Amino acid sequence: MSGINKVILVGNLGKDPEVRHLEGGAVVAKFPLATSESYKTKDGQRVDQTEWHNVVMWRGLAESAEKFLRKGSLVYIEGKIRTRSWDDKDGNKRYATEIIADTMTMLGAKRNDDHAPSAVGSQTYDNGSANGSDEGPAF
């Protein structure tokens, strides 16, 4: 049996997407996404816990992120988790764990052309690939 690598996140962007246009026309967007949960301790004290995720989007999905997402945007993301490694300038092995997004749904207020909230709703975007994998080289 083959494995399943599926991630579903709902959270807020920690900053505006960093978008790069690569040679050959590929577009990649990268941003941190915060997911938060709350719980109560035995003594009834409320504790908020935030986890940060590095999200990477490619091609059409990256273009949608560049056009519509801003710091604080609430989004639903589906994708897969990927860990990559490289050697830094000192020869040390470095690792980065990222969420490679396949689908994004913007949640909350829609924006008009002036980026002002206009109505409550959501819009879904995907990477448009036939096999669900539309990633390119890491950056």
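About the criteria used
- Residues numbered from 1 in each chain as written.
- Predicted model: local features only at pLDDT ≥ 70, side-chain atom pairs only at ≥ 80, totals over all residues.
- Heavy atoms only, no water.
- Buried < 20%, exposed > 50% of the residue type's maximum accessible area, 1.4 Å probe, protein only.
- Helix = DSSP H or I, 4+ residues; strand = E, 2+ residues; numbered from the N terminus.
- Arc of directions from axis to C-beta.
- Core = buried A, V, L, I, M, F, W, Y, C linked by side-chain atoms within 4.5 Å.
- Contact = heavy atoms within 4.5 Å.
- Pairing = 2+ DSSP bridges.
- pLDDT = per-residue confidence, 0-100.

Colleague: Is there a simple way to think about helix 1 (residues 59-68) in this case?
Modeller: In an α-helix there are 3.6 residues to a turn, and that puts residues three or four apart on one side. Regarding helix 1, the residues found buried are L61, A62, S64 and A65. For helix 1, the arc enclosing every buried residue in end-on projection is 160 degrees, short of the 170-degree limit, so these residues lie on one face.

Colleague: Where do I start with unusual backbone geometry in this structure?
Modeller: Most peptide bonds take the trans form, and the phi angle of most residues other than glycine is negative. In this structure, R59 takes a positive phi of about 50 degrees despite not being glycine. Locating R59 in the fold gives a position in helix 1.

Colleague: What is the right way to read the nonpolar core from this model?
Modeller: Within soluble globular proteins, side chains that are nonpolar tend to cluster in buried spots. Core analysis: the largest hydrophobic core is formed by 19 residues, its most contacted members being F31, L33, M57, L69, V75, I77 and M104. Elements supplying a minimum of two residues to this core: strand 1 (7-13), strand 3 (27-40), strand 4 (46-58), helix 1, strand 5 (74-87) and strand 6 (93-107). When near neighbours in sequence (up to four residues on either side) are disregarded, I77 contacts V7, I8, L9, F31, L33, M57, I99, A101, T103 and M104.

Colleague: Explanation requested: the pairing of strand 1 in the structure shown.
Modeller: Strand residues, when the strand is regular, have side chains that alternate between the two faces of the sheet. For strand 1 and strand 5, the ladder comprises six bridges, and the chain directions are antiparallel. Residue pairing in the sheet places V10 in a bridge with Y76 of strand 5. Judged from the two bridges that link them, strand 1 and strand 3 form a sheet pairing that is antiparallel. Within the sheet, the bridge partner assigned to L13 lies in strand 3 and is L33.

Colleague: I tried to follow the pairing of strand 6 on my own but got confused; where do I start?
Modeller: Bridging between strand 4 and strand 6 involves two bridges; their strand directions are parallel. Bridging from a neighbouring strand, V56 pairs with I100 of strand 6. As paired elements, strand 5 and strand 6 share 14 bridges and run antiparallel to each other. In the sheet register, V75 faces strand 6, and the bridge partner there is M106. Turn length for the strand 5-strand 6 hairpin, with the two strands adjacent in sequence and antiparallel, is five residues, and the turn residue G91 shows positive phi of about 85 degrees.

Colleague: What am I meant to see in the confidence of the model for the protein chain here?
Modeller: Close inspection of predicted coordinates is inappropriate for parts of the model with low pLDDT. Averaged over every residue, the pLDDT of the protein chain is 85; residues scoring 70 or more account for 79%. Model confidence for the protein chain, summarised as mean pLDDT per element, is weakest for strand 8 (residues 117-120) at 40 and strongest for strand 1 at 97. Every residue in residues 116-120 is under pLDDT 50, and counting partners more than four places away or in other chains gives 12 contacts. Note on residues 129-135: pLDDT is under 50 here. Beyond four places in sequence and across chains, it has 14 contacts.

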